[in-house]
Amino acid sequence: MPDIERRTATHGDERALAAIDYATWSTQVSPAPLWPRETPFFDDRTTPENVLFAHEDNAVLGYVKLRPSPMPASSGHVQEINGFAVGPNHQGRGIGHLLLDAARNKAIERRARRITLRVLGTNTRAQSLYLAHGYRVEGRLVGQFLIRNSYVDDVLMALHMD
Ligand SMILES: CC(C)(COP(=O)(O)OP(=O)(O)OC[C@H]1O[C@@H](n2cnc3c(N)ncnc32)[C@H](O)[C@@H]1OP(=O)(O)O)[C@@H](O)C(=O)NCCC(=O)NCCS
């Protein structure tokens, strides 16, 4: 494995992160239609401190978005993964594993006890990776999405950290 570093994003990383997001979109991994290429990566809830990314020789290889629950009064112990992708040319190198480790460490640093995420039923590769990191399926919204004339489940997964 090459020497890959992980760090929190800055606004200067926005273009590279948006390019990975765009390049990894497919109907197998996203229920949303492909967005315009120039769509900003950061918004009100996706702020730089909530994006961890792996880089090598100044190139962004992949990222994971980890943000607090939108209901901090009752769910302050919950962090959400709401974006996770590795550039097509760098997939299969173990970077996904590194990013999930980084997300877990960051969640612990934020005193979380639980990380939640949602994944399409068709995205078996991501599901296997989450299972390998201790995430468990907690629910399934059956046929939640109609994608290319097929009904697809929304799978709810979570990691408990004690
Ligand atoms: C899911 C994703 C982030 C994984 O990143 P990655 O860097 O390729 O993952 P890793 O290299 O750490 O590999 C994870 C596992 O997938 C396996 N894998 C890698 N490339 C694969 C391929 N082309 N086909 C099937 N499995 C593959 C690896 O062997 C590894 O399994 P192992 O732990 O048993 O060895 C990446 O595939 C991706 O960006 N997918 C599109 C976006 C997406 O699905 N995001 C998740 C939304 S919920």
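First, a word on what this report is: a plain description of the structure on this page.

## A few points about the overall build of the chain
Step number 1: Of regular secondary structure, the chain possesses 4 helices and 7 strands.
Step number 2: From first element to last, N terminus to C terminus, the chain shows the α and β order β-α-β-β-α-β-α-β-α-β-β.
Step number 3: Here the C-alpha atoms of the chain give a radius of gyration of 15 Å, agreeing with the 15 Å that 2.2 N^0.38 yields for 162 residues.
Step number 4: When its C-alpha atoms are laid out on the principal axes, the chain stretches across 40 × 40 × 35 Å.
Step number 5: Put simply, the chain has 162 residues, and 44% of those count as buried.
Step number 6: Counted over contacts in the chain with a minimum sequence separation of 6, partners at least 24 positions apart contribute 62%.
Step number 7: Accessible surface computed for the chain: about 9,200 Å², of which carbon and sulfur atoms make up 49%.

## Some points on the nonpolar core
Step number 1: Ile-81, Ile-115, Tyr-130 and Tyr-135 are the most contacted members of the largest nonpolar core, which has 27 residues in total.
Step number 2: Secondary-structure elements contributing two or more residues to this core are strand E2 (51–56), strand E3 (59–68), strand E4 (78–86), helix H3 (95–109), strand E5 (114–120), helix H4 (124–132) and strand E7 (150–160).
Step number 3: Among the nonpolar cores identified, the runner-up in size contains 11 residues, and Ala-18, Phe-41, Phe-42 and Val-60 belong to it.

## Focus on the pattern of salt bridges
Step number 1: Per the stated rule, a full pass over the model turns up 9 salt bridges.
Step number 2: The residue Arg-45 makes a salt bridge to Glu-80 at a minimum N-O spacing of 3.9 Å. Remark: Glu-80 occurs in strand E4 and Arg-45 occurs in the loop between helix H1 (14–24) and E2; sequence separation between them is 35 residues.
Step number 3: A relative accessible area of 30% places Arg-45 in the partly exposed class.
Step number 4: Among the salt bridges present, the one from Glu-80 reaches Arg-67, with a minimum N-O distance of 3.0 Å. Here the residue Glu-80 occupies a position in strand E4, and Arg-67 occupies one in strand E3, the gap between them amounting to 13 residues.
Step number 5: Overlapping salt bridges, with partners in common, bring together Arg-45, Arg-67 and Glu-80 in one network.

Reading guide: rules and limits
Residues numbered from 1 in each chain as written. Predicted model: local features only at pLDDT ≥ 70, side-chain atom pairs only at ≥ 80, totals over all residues. Heavy atoms only, no water. Helix = DSSP H or I, 4+ residues; strand = E, 2+ residues; numbered from the N terminus. Rg over C-alpha atoms; globule rule 2.2 N^0.38 Å. Buried < 20%, exposed > 50% of the residue type's maximum accessible area, 1.4 Å probe, protein only. Contact = heavy atoms within 4.5 Å. Areas by Shrake-Rupley, 256 points an atom, 1.4 Å probe, with all protein chains shown as cover. Core = buried A, V, L, I, M, F, W, Y, C linked by side-chain atoms within 4.5 Å. Salt bridge = Lys/Arg side-chain N within 4 Å of Asp/Glu carboxyl O.

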